[in-house]
Amino acid sequence: KNQVEQSPQSLIILEGKNCTLQCNYTVSPFSNLRWYKQDTGRGPVSLTIMTFSENTKSNGRYTATLDADTKQSSLHITASQLSDSASYICVVSISGGSYIPTFGRGTSLIVHP
Amino acid sequence: NAGVTQTPKFQVLKTGQSMTLQCAQDMNHEYMSWYRQDPGMGLRLIHYSVGAGITDQGEVPNGYNVSRSTTEDFPLRLLSAAPSQTSVYFCASRLTGVDQPQHFGDGTRLSIL
């Protein structure tokens, strides 16, 4: 069964600190992995996508990594801001025509001043 | 562009009542989908559509109906509401291609008493 596991479930950090969120998956055949940010009371918004051939990709203070061999991805947030407080969701899509992506349960990040 | 618009934002129903959640997008996206989000769980796909006139079931379709008469609109119908359908419902749309990001609405918060 295709699964996406995220850790930690929740995280509290101080403003200005860095943090790393983890995503492990067993989805196969792999097409891509996408990280979404979901603010409280809003829908998810895409941060970045990782394909099989990509190891690292940055979007401002967000840097995603992918290790396709170990089926792991991470999202690193640098110099955190209060606005980074949100849930971060890892989503993996498979190749071969399936329209059903597999969602992780998300990591809830709280940034304190 | 308004993006993906969901109405209503909040709704309370009694068990056995029926209702329709509305979803509209103005980005000319072919693919549209409905998800439910429950505490401690990842987003789960209810139904999806790859174009006008074409719909298919997702992971948790029981108790829900959909139709896609136009590219823009993708309503979700609850036939006979049950307390287990209390959830936050998200509509999403994207261009064709699993590498395309999904654009989510801000959700409908539905409580069934």
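Here's what I pulled together on the structure shown here. (Residues numbered from 1 in each chain as written. Chains lettered and ligands numbered in written order. Predicted model: local features only at pLDDT ≥ 70, side-chain atom pairs only at ≥ 80, totals over all residues. Heavy atoms only, no water.)

1. Some thoughts on the overall build of chain A
From N to C terminus, chain A includes 0 helices and 11 strands. The order of helices and strands in chain A, counted from the N terminus, is β-β-β-β-β-β-β-β-β-β-β. For 113 residues, the compact-globule estimate of 2.2 N^0.38 gives 13 Å, and chain A sits close to it at 14 Å. Once the C-alpha set of chain A is aligned to its principal axes, its extents read approximately 45 × 30 × 20 Å. In chain A, 56% of the contacts between residues at least 6 apart in sequence involve partners at least 24 apart. A total accessible area of about 5600 Å² is found for chain A, and carbon and sulfur atoms account for 49% of it. Taken together, the 9 basic and 7 acidic charged side chains of chain A have centroids lying 5 Å from each other. (Helix = DSSP H or I, 4+ residues; strand = E, 2+ residues; numbered from the N terminus. Rg over C-alpha atoms; globule rule 2.2 N^0.38 Å. Contact = heavy atoms within 4.5 Å. Areas by Shrake-Rupley, 256 points an atom, 1.4 Å probe, with all protein chains shown as cover. Lys, Arg positive; Asp, Glu negative; His and termini not counted. Charge placed at Lys NZ, Arg CZ, Asp CG, Glu CD.)

2. Describing the environment of S80 of chain A
Residues and elements named next belong to chain A. Structurally, S80 can be placed in the loop between β8 (72-77) and β9 (86-94). Distance from S80 to E5, taken between C-alpha atoms, is 23 Å for residues 75 residues apart in sequence. In this structure S80 touches I13, L14, E15, G16, K17, R61 and V111, once residues within four positions along its chain are discounted. Within the local environment of S80, its side chain forms a polar contact with the backbone oxygen of K17, the two atoms lying 2.8 Å apart. (Polar contact = N/O pair within 3.5 Å; in protein donor to acceptor, adjacent residues only side chain to side chain.)

3. Some points on the packing of aromatic side chains
Applying the stated criterion to the full structure yields 7 aromatic pairs over all chains. On the numbers, 5.8 Å between centres and 45° between planes, the contact of Y35 of chain B with F104 of chain B is tilted. Separated by 69 residues along the polypeptide, Y35 of chain B in strand β4 (residues 31-37) and F104 of chain B in strand β10 (residues 103-104) bring together distant segments of the chain. What links up through ring pairs into an aromatic cluster is the set Y36 and F103 of chain A together with Y35 and F104 of chain B. Lying across the ring of F74 of chain B, R68 of chain B places its NZ or CZ 5.9 Å from the centre. Taking the ring centre of Y31 of chain B as reference, the NZ or CZ of R94 of chain B above it sits at 4.0 Å. (Phe/Tyr/Trp six-rings, centres within 6.5 Å; stacked < 30°, edge-to-face > 60°. Lys NZ or Arg CZ within 6 Å of the ring centre and 35° of its normal.)

4. Some words on the sheet that holds strand β8 (residues 76-78) of chain B
What holds strands together in a sheet is hydrogen bonding between their backbones, with the strands either parallel or antiparallel. Residues and elements named next belong to chain B. Ordered in space as β1-β3-β8-β7, the 4 strands form an open sheet in which the pairing is antiparallel. Strands with a single pairing partner mark the edges of an open sheet, and in this sheet they are β1 (4-7) and β7 (64-66). Taking the axes of each pair of neighbouring strands and ignoring which way they run, one obtains an average angle of 20° across the sheet. As defined by bridge partners, strand β3 (residues 19-25) adjoins β8 across 3 bridges and the pair is classed as antiparallel. (Pairing = 2+ DSSP bridges. Axes fitted to C-alpha atoms, helices over the stretch in contact; angles between N-to-C directions.)

5. Things to note about the interface of chain B and chain A
Interface size is commonly expressed as the accessible surface area that is lost when the partners come together. Counting from both sides, the interface comprises 24 residues of chain B and, opposite them, 21 residues of chain A. Both faces considered, chain B and chain A share a buried interface measuring about 1700 Å² in area, 57% of it formed by carbon and sulfur atoms. Inspection of the chain B/chain A interface yields 1 salt bridge. When the shortest N-O distance is used, the salt bridge between D106 of chain B and R42 of chain A registers 2.9 Å. (Buried area = accessible area lost by both parts, 1.4 Å probe. Salt bridge = Lys/Arg side-chain N within 4 Å of Asp/Glu carboxyl O.)

6. What to know about the nonpolar core
Residues and elements named next belong to chain A. Counting 25 residues, the largest nonpolar core has Y25, L33, W35, L75, Y88 and V92 as its most contacted members. Every element with two or more residues in this core is listed here: β3 (19-25), β4 (30-38), β5 (45-51), β7 (62-67), β8, β9 and β11 (107-112). The leading source of residues in this core is β9, at 5 residues. In this view, V92 contacts V4, Y25, V27, F30, N32, L33, P101 and T102; residues no more than four positions away in its chain are not counted. (Core = buried A, V, L, I, M, F, W, Y, C linked by side-chain atoms within 4.5 Å. Buried < 20%, exposed > 50% of the residue type's maximum accessible area, 1.4 Å probe, protein only.)

7. Let's talk about the side chain of Q6 of chain B
Residue and element names in this part refer to chain B. Tracing the chain through its elements places Q6 in strand β1. The class of Q6 is buried, set by a relative accessible area of 5%. Discounting residues that sit within four places of it in the chain, Q6 has contacts with Q22, W34, Y89, F90, C91, G105, D106, G107 and T108.

8. Brief notes about the sheet that holds β3 of chain A
Residue and element names in this part refer to chain A. Taking strand neighbours across the sheet as the criterion, the 5 strands line up as β1-β3-β8-β7-β6 in an open arrangement whose pairing is antiparallel. Either end of the sheet is taken by a strand with one partner, and the two such strands are β1 (4-7) and β6 (56-59). Taken over all neighbouring pairs, the strand axes of this sheet differ in orientation by 15° on average, direction set aside. As paired strands, β7 and β8 are joined by 6 bridges and run antiparallel to one another.

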